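Residue-level structure breakdown
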Amino acid sequence: QSALTQPRSVSGSPGQSVTISCTGTSSDVGGYNFVSWYQQHPGKAPKLMIYDVTRRPSGVPDRFSGSQSGNTASLTISGLQAEDEADYYCCSYAGSFTFYVFGTGTEVTVL
Amino acid sequence: QVQLVESGGGVVQPGRSLRLSCAASGFTFSDYTMYWVRQAPGKGLEWVAVISYDGKNRYYADSVKGRFTISRDNSKNSLYLQMNSLRPEDTAVYYCATCTNGVCHFFDSWGQGTLVTVSS
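Structural notes on the overall build of chain B
Within chain B one finds zero helices and eleven strands. Secondary structure of chain B in N-to-C order comes out as β-β-β-β-β-β-β-β-β-β-β. Taken over the C-alpha trace, chain B has a radius of gyration of 13 Å; the compact-globule value for 120 residues is 14 Å, and the two agree within 12%. Its C-alpha atoms put chain B at 40 × 25 × 25 Å along the principal axes. Across the 120 residues of chain B, 47% fall into the buried class. Counting every atom, chain B has about 5500 Å² of accessible surface; 44% of that belongs to carbon and sulfur. Of the charged side chains in chain B, 11 are positive and 9 negative; the average position of the first set lies 7 Å away from that of the second.

A few points about the interface of chain B and chain A
Frequently, the measure chosen for interface size is the accessible area removed from exposure when the parts meet. Each side of the interface is counted separately: chain B has 19 residues, and chain A has 18 residues. When the two sides are added together, the surface that chain B and chain A hide from each other amounts to roughly 1700 Å², 68% of it contributed by carbon and sulfur. Counting the contacts that link chain B with chain A gives zero salt bridges. For the pair chain B and chain A, the interface holds eight residue pairs in polar contact (both at pLDDT 80 or more). Looking at the side of chain B that touches chain A, the elements that each hand over two or more residues are β4 (34-39) and β5 (45-51) of chain B. A per-element tally of the side of chain B that touches chain A places β5 of chain B first, with four residues. Looking at the side of chain B that touches chain A, its residues break down into eleven nonpolar, five polar and three charged.

So, the state of the cysteines
For the structure shown, the criterion picks out three disulfides over all chains. Each disulfide pairs two cysteine sulfurs, and for C22 of chain B the partner residue is C96 of chain B, the sulfurs being separated by 2.0 Å. Its S-S torsion of about 45° marks the bond between C22 of chain B and C96 of chain B as right-handed, since a negative value means left-handed. In this pair, C22 of chain B sits in strand β3 (residues 18-25) while C96 of chain B sits in strand β9 (residues 92-98), placing the two residues 74 residues apart along the sequence. Here C22 of chain B matches C96 of chain B in class, with each residue buried. Along chain B, the cysteines that take part in disulfide bonds pair up as 1-2, 3-4, counted in sequence order. Take C91 of chain A: it sits in no disulfide, and the sulfur closest to it among the cysteines is that of C90 of chain A, at 7.6 Å.

Some details on the sheet that holds strand β6 (residues 72-77) of chain A
Residue and element names in this part refer to chain A. Strand order in this open sheet of three strands is β2-β6-β5, and the pairing throughout is antiparallel. Edge strands, defined here as strands with exactly one partner in the open sheet, are β2 (18-23) and β5 (64-69). Between one strand axis and the next, the sheet turns by 20° as a mean value, whatever way the strands run. By the bridge criterion, six bridges tie β2 to β6 in an arrangement that is antiparallel. In the strand pairing of β6, I20 is matched with L75.

Details of the packing of aromatic side chains
Residues and elements named next belong to chain A. Here the structure, examined in full by the defined rule, presents 22 aromatic pairs over all chains. On the basis of an interplanar angle of 55° and a centroid distance of 6.2 Å, the ring pair of Y38 and F102 is categorised as tilted. Note that Y38 is positioned in strand β3 (residues 35-40) and F102 in strand β8 (residues 100-102), a separation of 64 residues in sequence. Relative accessible area serves as the criterion here: at 0%, Y38 is assigned to the buried category.

With respect to the pattern of salt bridges
In total, this model carries five salt bridges over all chains according to the counting rule given. As a salt-bridge pair, D84 of chain A and R63 of chain A come within 2.5 Å of each other at their nearest N and O atoms. Of this pair, D84 of chain A sits in the loop between β6 and β7 (86-93) while R63 of chain A sits in the loop between β4 (47-50) and β5; the two residues are 21 residues apart in sequence, bridging distant segments of the chain. R63 of chain A carries the same exposure label as D84 of chain A, and that label is buried. Residue D90 of chain B is joined to R67 of chain B by a salt bridge in which the shortest nitrogen-to-oxygen separation is 2.7 Å. In this pair, D90 of chain B sits in the loop between β8 (78-83) and β9 while R67 of chain B sits in the loop between β6 (58-60) and β7 (68-73), placing the two residues 23 residues apart along the sequence.

Calculation rules
- Residues numbered from 1 in each chain as written.
- Chains lettered and ligands numbered in written order.
- Predicted model: local features only at pLDDT ≥ 70, side-chain atom pairs only at ≥ 80, totals over all residues.
- Heavy atoms only, no water.
- Helix = DSSP H or I, 4+ residues; strand = E, 2+ residues; numbered from the N terminus.
- Rg over C-alpha atoms; globule rule 2.2 N^0.38 Å.
- Buried < 20%, exposed > 50% of the residue type's maximum accessible area, 1.4 Å probe, protein only.
- Areas by Shrake-Rupley, 256 points an atom, 1.4 Å probe, with all protein chains shown as cover.
- Lys, Arg positive; Asp, Glu negative; His and termini not counted.
- Charge placed at Lys NZ, Arg CZ, Asp CG, Glu CD.
- Contact = heavy atoms within 4.5 Å.
- Buried area = accessible area lost by both parts, 1.4 Å probe.
- Salt bridge = Lys/Arg side-chain N within 4 Å of Asp/Glu carboxyl O.
- Polar contact = N/O pair within 3.5 Å; in protein donor to acceptor, adjacent residues only side chain to side chain.
- Nonpolar A, V, L, I, M, F, W, Y, C, P; charged D, E, K, R; others polar.
- Disulfide = S-S within 2.5 Å.
- Pairing = 2+ DSSP bridges.
- Axes fitted to C-alpha atoms, helices over the stretch in contact; angles between N-to-C directions.
- Phe/Tyr/Trp six-rings, centres within 6.5 Å; stacked < 30°, edge-to-face > 60°.

See below:
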């Protein structure tokens, strides 16, 4: 199972919006509504930001939103803040044998 | 709140074995599926293994199948990963993770990770 494809990096100025794409196949992203997104700061464990494509855990700012179209999911960060600078990974359920596949990761830089 | 604490990492020679542990607290451990996820230095996340709440069902990534064994002891609130025939490409930070939000396909709680280095 190949990793989901994400852009290596995206950047934006404070207050701007950035969108990270996550492209898979009909066997993972396109086959289920089970895409999740994780934020990871250097040396830290990943933190859940979005689950089931669009749902946001309590405590995650509403600046973070998720969407999906076909085999591509997206994470949008609106009103970019300095603390949003981190690596972001998507993840999709891929069935009862492969289970989970992660994305290649995207570094978000706040200019 | 949910707490997961991994231990057992270290430096090991290729071909040798290592056993990781994850101590869980703050939730009813025996009710939930548990996972191991790893991250090679400077690389992305990789799902490694999953075990059902009762330990009866276990599944592995192709990259570790036949070499790694996931297990749990619900009486001790502990998760384990027995790693045999280790290879340099197994070098990574190993995280235990779970989802305590009912039946779910995501990871809402993570440990801090333990580093495994496979090198001669």
